[in-house]
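# Reading the structure
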Amino acid sequence: MTKYGSFPGTRPRRLRTTPALRRMVAETRLHPADFILPAFVREGVSEPVPISSMPGVVQHTRDSLKKAAVEALEAGVSGIMLFGVPEDAKKDAVGTPGTDPDGILQVALRDVRAEVGDELLVMSDLCLDETTDHGHCGVLDEQGRVDNDATLERYAEMAQVQADAGAHIVGPSGMMDGQIGVIRDALDQIGREDVAVLAYTAKYSSAFYGPFREAVGSSLKGDRKTYQQDPANARESMRELALDLEEGADMVMVKPAGPYLDILARVADAVDVPVAAYQISGEYSMIEAAAEKGWIDRDKAILETLTGIKRAGAQNILTYWATEVARNLR
């Protein structure tokens, strides 16, 4: 070919020539401390129960949960987010196990906090969906609709019992209007100003939650479109963000992560508080299923998706691969 002087004068490929050079100029790096491990603990089981739609993930016993927490700590993971799975017979219309000091989530919080102390952040899902017989994230009114303000009263109680049980951070995930302010006030009323609130600021009504429903033994019939956000909307997330910050959120989160990287980037650009993203069950299961079929390279796909989430602006990532990836990064 004809050469025009030193054309091309700019050669970006020079910085891609060797693994060492690519590593040196990498703009985004994953670190074990980026990760938070979501974990499920089930009441009344003597052995961990595999979750069929999430290969490699289980509903823990109290003992196996403590072991998982220690493993996460040793791998350098920052936190563990606990989800309780009560016995079906204990579920009711108002989610009583969620505020019972002896409910499975509160028991698990005490177990894990006693095991790891302050070395690993012990975080709790603050929502009613795992504990209600109808499977919704709140209390229903006479017409069967989720009653926002009645639900806030339950969330206030949940925040207090979870703090008493040892949660360093509570994560209200129900998408009720005003939930952050009510929870912050409830915690302050009992002198727990030290407990942080991770706001599920942008939680979308997503098709990718399917495996999670199995993981928590969900009783849901219908959908959550009247309180979770419409996937078509972006500006709405920024309004939710402003409200959560005004009400006292210490950290904010986007959920799911992968399908909403544009929202994650907008949120990260707009705030000066830590930003998290939740790589949810469906995202996990798709990669595991495709890898099992030999269609993709599992390990490379995991790292690529996590790098993309961090590149978009997440400081912390909730992922079911947290401990595995953290170990491999060390």
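Throughout what follows, the structure given in this document is the object of discussion. In every chain, residue numbers begin from 1 and rise along the written sequence. Totals for whole chains, interfaces and linings use every residue, but because this is a predicted model, local features are given only for residues with pLDDT of at least 70 and side-chain atom pairs only at 80 or more, for both listing and counting. To obtain the side-chain values, all non-hydrogen atoms of the structure were used and water was disregarded.

### Points about the overall build of the protein
- Across its full length, the protein carries eleven helices and ten strands.
- The reference for a compact globule is 2.2 Å times residues^0.38; the radius of gyration itself is calculated from the C-alpha atoms. Relative to its length of 330 residues, the protein is compact, with a C-alpha radius of gyration of 21 Å against a globular reference of 20 Å.
- For the protein, the C-alpha atoms occupy an extent of roughly 80 × 45 × 40 Å along the three principal directions.
- For the protein, with 330 residues in total, the buried portion stands at 51%.
- Of the contacts made within the protein by residues no fewer than 6 positions apart, 74% connect residues no fewer than 24 positions apart.
- Each accessible area is a Shrake-Rupley result for a 1.4 Å probe, and residues are judged covered by the shown protein chains and nothing else. When the accessible surface of the protein is split by element, carbon and sulfur atoms take 50% of a total near 15500 Å².
- Counting 36 positive and 51 negative side-chain charges, the protein places the averaged centre of each group 12 Å from the other. The helix count covers DSSP runs of H or I at least four residues long, the strand count covers runs of E at least two residues long, and both are numbered beginning at the N terminus. Here the term buried applies to any residue with accessible area under 20% of the maximum for its type, exposed to any over 50%, and partly exposed to those in between, with areas from a 1.4 Å probe on protein chains only. A contact between two residues is defined here by any heavy atoms of the two lying within 4.5 Å. The charged-residue count follows a simple rule in which Lys and Arg add positive charge and Asp and Glu add negative charge, with His and chain termini not counted at all. Charged side chains are reduced to one point each, which is NZ for Lys, CZ for Arg, CG for Asp and CD for Glu.

### Description of empty space enclosed by the protein
- Method remark: on a 1 Å grid restricted to protein atoms, a set of points is classed as a cavity if a 1.4 Å probe fits but cannot get out and as a pocket if it is open with protein on both sides within 12 Å along at least five of seven lines; lining residues have an atom within 4 Å of a point. Grid points are joined across faces, edges and corners, and a volume is the space filled by probe spheres set on the points. Within the structure shown, the criterion is met by three cavities of 30 Å³ or more.
- Here the largest cavity is characterised by a volume of approximately 90 Å³.
- Forming the boundary of the largest cavity are Phe-83, Asp-125, Asp-129, Cys-137, Ser-173, Lys-203, Tyr-209, Phe-212, Arg-213, Arg-224, Gln-228 and Lys-255.
- Classes in brief: Ala, Val, Leu, Ile, Met, Phe, Trp, Tyr, Cys and Pro nonpolar; Asp, Glu, Lys and Arg charged; the others, Gly included, polar. Taken together, the residues of the lining of the largest cavity sort by class into four nonpolar, two polar and six charged.
- Put simply, the second largest cavity is a space of about 70 Å³.
- Looking at the lining of the second largest cavity, the element that brings in the most residues is helix α3 (residues 104-116), giving three residues.
- When grouped by side-chain class, the residues that make up the lining of the second largest cavity number six nonpolar, four polar and two charged.

### Examining the layout of surface pockets
- The computed volume of the largest pocket comes to approximately 410 Å³.
- In terms of lining residues, the largest pocket is bounded by 19 residues, among which Leu-37, Gly-56, His-60, Ala-68 and Tyr-320 are the most central.
- Secondary structure elements with two or more residues in the lining of the largest pocket: β1 (35-42), β3 (58-60), α2 (62-75) and α11 (322-329).
- Considered class by class, the residues forming the lining of the largest pocket number ten nonpolar, four polar and five charged.

### Digging into the pattern of salt bridges
- The salt bridge criterion pairs a side-chain nitrogen of Lys or Arg with a carboxyl oxygen of Asp or Glu, the two atoms within 4 Å. Scanning the model with the defined rule gives 16 salt bridges in all.
- Among the salt bridges present, the one from Asp-188 reaches Arg-184, with a minimum N-O distance of 3.0 Å. Remark: Arg-184 and Asp-188 occur in helix α5 (residues 179-189); sequence separation between them is four residues, near one turn of the helix.
- Under the relative-accessibility criterion, Asp-188 is labelled partly exposed at 31%.

### Overview of the environment of Leu-329
- Residue position: Leu-329 is located in helix α11.
- Among the residues examined, Leu-329 registers a relative accessible area of 33% and is labelled partly exposed.
- Excluding residues within four positions of it along the chain, Leu-329 makes contact with Leu-30, His-31, Pro-32 and Phe-35.

### Digging into helix α9 (residues 281-292)
- By this rule the span expected of a helix is its residue count minus one, scaled by 1.5 Å. For α9, spanning twelve residues, the distance from its first C-alpha to its last is 16 Å, which sits close to the expected 16 Å at 1.5 Å a residue.
- Across the twelve residues of α9, nine count as buried, placing the element largely inside the fold.
- For α9, the full list of buried residues reads Ser-281, Gly-282, Glu-283, Tyr-284, Ser-285, Ile-287, Glu-288, Ala-290 and Ala-291.
- Buried residues belonging to α9 abut α6 (210-215), β9 (275-278) and α10 (298-311).

### Remarks on a positive patch on the surface
- Excluding any residue in a salt bridge, patches collect residues exceeding 30% relative accessible area, merging like charges within 9 Å and nonpolar Val, Leu, Ile, Met, Phe, Trp and Tyr side chains within 5 Å. Positive charge collects at one region of the surface, where Arg-11, Arg-13, Arg-14 and Arg-16 lie side by side.
- Counting through the fold element by element, Arg-13 comes out in the segment before α1 (19-24).

### Focus on the packing of aromatic side chains
- Only Phe, Tyr and Trp rings take part, Trp by its six-membered ring, and two of them pair if their centres are within 6.5 Å. Stacked means planes under 30 degrees apart, edge-to-face means over 60, and tilted covers everything else. Per the counting criterion, the structure on display carries six aromatic pairs.
- An angle of 70 degrees between the planes, with centres 5.8 Å apart, marks the rings of Tyr-284 and Tyr-320 as edge-to-face. In this pair, Tyr-284 sits in helix α9 while Tyr-320 sits in the loop between β10 (316-318) and α11, placing the two residues 36 residues apart along the sequence. Take Tyr-284 and Tyr-320: they sit in the same class, and that class is buried.

### A short note on the nonpolar core
- Residues Phe-35, Phe-40, Ile-80, Leu-82, Tyr-155 and Tyr-278 are the most contacted members of the largest nonpolar core, which totals 91 residues.
- For Phe-40, the residues in contact, after removing those within four places along its chain, are Ile-51, Val-57, Val-58, Gln-59, His-60, Phe-83, Phe-212, Ala-215, Val-216 and Tyr-320. As used in this record, nonpolar core signifies buried Ala, Val, Leu, Ile, Met, Phe, Trp, Tyr and Cys residues forming a set joined through side-chain atoms within 4.5 Å.

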